[in-house]
Number of protein chains: 2
Amino acid sequence: MPKYTLDALDKKIIRMISNDARVPFLEVARACNVSGAAIHQRIQKLQSLGIVKGSQFIIDPEKIGYETCAYVGLYLKYPERFDNVVEELRKMPEVVECHYTTGGMDMFIKLYAKNNHHLLSIIHDKLQPLGLSRSETIISFNAAISRPLNVADINDED
Amino acid sequence: MPKYTLDALDKKIIRMISNDARVPFLEVARACNVSGAAIHQRIQKLQSLGIVKGSQFIIDPEKIGYETCAYVGLYLKYPERFDNVVEELRKMPEVVECHYTTGGMDMFIKLYAKNNHHLLSIIHDKLQPLGLSRSETIISFNAAISRPLNVADINDED
DNA sequence: TCTGAAATTGAGTCATC
DNA sequence: GATGACTCAATTTCAGA
């Protein structure tokens, strides 16, 4: 039950700008056979609805020396301090995601480290002091797929 | 051991463009007290080195009806068919990440579904037929943190 | 590597349909 | 909702330091 149903033009716009935030709106306009002003207005609407939430350049962590990607399940000694722990995690630049999940663990985070040794030191020196009873680490050797949700390939009704 | 050591200007550029791919390069230039052409050249170099890998607008999956985010660990009946399974996963728009990991499972994927029922049908009707011996699903109720790796806060040497 | 200036192209606004 | 014309600003290129 989407809050807003995207029409074909919305989807084409989203497909183009979600793959390349720098594509000129006029180029999108030409590809869609509408005016530049129409694209401008559509994108403004999508942003005001919160469907489009901003843009970013993608930086390759490996290329800047962050060669280890890991997921860590955290089990807290004091689960009631959840919000506090989130605040601490937010201060750690290595932590890029934090989820509240099913599955018994209290939180599930994704982080980047320079190497396995650095990962270990992050877990021991920065995560343990947050009050962990234990943790479970999954290291990603390789991201075979990493991409945004492809809106254009999706049916609205099924 | 980064392949390329970023200087202060690179980091400032990356910090600005990784939060907003639409920021005018001239604005970056003014913030850095260099010419627009210098920013242009730096970003081209970062792209040719593969450090900057492109840009994207961020779409909120929830707002377009994808309200369930899940991680699924897959255990394959025939692990030698790994590459084949990756190709099949690539065809599923709901799958946004696929990792080859430690931890016993053969692959670890991230996907978006419309709701829990839809998630179940994806697992049963689309993932099981790929040849799973079993799977483990973690549902994310809430992403308390979701952001890019913050290059600017990072030390190159330690 | 950076600069400054020139040429081209795009963004954003608005009255109008 | 979309258009076309307009103004202002940004991108891109290039010779030169």
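Note that the structure is predicted; figures quoted are calculated from it, not measured.

What counts and what doesn't
Residues numbered from 1 in each chain as written. Chains lettered and ligands numbered in written order. Predicted model: local features only at pLDDT ≥ 70, side-chain atom pairs only at ≥ 80, totals over all residues. Heavy atoms only, no water. Domains from an automatic or database assignment. Least-squares fit on C-alpha atoms with pLDDT ≥ 70 in both. Contact = heavy atoms within 4.5 Å. Axes fitted to C-alpha atoms, helices over the stretch in contact; angles between N-to-C directions. Helix = DSSP H or I, 4+ residues; strand = E, 2+ residues; numbered from the N terminus. Parallel < 35°, antiparallel > 145°, perpendicular 65-115°, else oblique. Nonpolar A, V, L, I, M, F, W, Y, C, P; charged D, E, K, R; others polar. Salt bridge = Lys/Arg side-chain N within 4 Å of Asp/Glu carboxyl O. Near = heavy atom within 4 Å. Polar contact = N/O pair within 3.5 Å; in protein donor to acceptor, adjacent residues only side chain to side chain. Buried area = accessible area lost by both parts, 1.4 Å probe. Pairing = 2+ DSSP bridges.

Visitor: Just give me the short version of the domain arrangement of chain A, but keep the residues and values in it.
Guide: According to the domain assignment, chain A consists of domain 1 (8–56) and domain 2 (61–140). The distance between the C-alpha centroids of domain 1 of chain A and domain 2 of chain A comes to 35 Å.

Visitor: With reference to specific residues and values, describe the relation of the copies chain B and chain A.
Guide: Rotating chain B by 180 degrees about the axis while translating it 0.0 Å along that axis superimposes it on chain A, leaving an RMSD of 0.1 Å. The symmetry that links the two subunits is that of a two-fold axis. Considering only C-alpha atoms, the part of chain B nearest the rotation axis is Gln56 of chain B, at 2.7 Å. Take the interface residues of chain B: 100% of them recur as interface residues in chain A, which is what a same-surface contact looks like.

Visitor: Describe the packing of helix H1 (residues 8–19) of chain B against helix H3 (residues 36–48) of chain B, with residues and values.
Guide: All names here are of chain B. Where H1 meets H3, the axes come as close as 11 Å, and the angle between the chain directions of the two elements is 85 degrees. By the angle between their axes, H1 is roughly perpendicular relative to H3. Where H1 abuts H3, its residues Leu9, Asp10, Ile13, Ile14 and Ile17 lie against Ile39, Arg42, Ile43 and Leu46. Of the residues that constitute the contact of H1 with H3, the class distribution is 7 nonpolar, no polar and 2 charged.

Visitor: Could you give an account of the pattern of salt bridges, with specific residues and numbers?
Guide: Residue and element names in this part refer to chain A. Per the stated rule, a full pass over the model turns up 18 salt bridges over all chains. In this structure, Arg42 and Asp10 form a salt bridge, with 2.9 Å as the shortest nitrogen-oxygen distance. Placement of the pair is Arg42 in helix H3 (residues 36–48) and Asp10 in helix H1 (residues 8–19), with a sequence separation of 32 residues. One network of salt bridges, in which partners are shared, links Asp7, Asp10 and Arg42.

Visitor: Run through the protein's contact with DNA strand D, naming residues and quoting values.
Guide: In the neighbourhood of DNA strand D, 15 residues make up the surrounding shell, with Arg22, Ser35 and Arg42 of chain A together with Phe25 and Leu26 of chain B lying closest. Each atom of DNA strand D within 4 Å of the protein was classed as base or backbone; sugar and phosphate made up 71%. His40 of chain B is positioned such that a nitrogen or oxygen atom in its side chain is 3.4 Å from a phosphate oxygen of DNA strand D. Ranked by residue count, the leading element in the surface near DNA strand D is H3 of chain A, at 5 residues. Grouping the amino acids of the surface near DNA strand D by side-chain chemistry returns 8 nonpolar, 3 polar and 4 charged.

Visitor: Requested: an account of the interface of chain B and chain A, with residues and values cited.
Guide: Taken together, the contact between chain B and chain A spans 75 residues of the former and 75 residues of the latter. Summing the contributions of chain B and of chain A, the shared interface buries around 6800 Å²; its carbon and sulfur component is 59%. Counting across the interface, chain B meets chain A through 4 salt bridges. Across the contact surface, chain B and chain A share 47 residue pairs in polar contact (both at pLDDT 80 or more). Residue assignment for the side of chain B that touches chain A shows that the elements contributing at least two residues are H1, strand S1 (52–59), helix H4 (82–90), strand S3 (95–101), strand S4 (107–113) and strand S5 (132–146) of chain B. When residues in the side of chain B that touches chain A are grouped by element, the largest group, 10 residues, is from S5 of chain B. Relative to S5 of chain B, strand S3 (residues 95–101) of chain A is paired through 5 bridges, and the arrangement is antiparallel. Across the sheet, the residue bridging to Glu97 of chain A is Ser146 of chain B, located in S5 of chain B.

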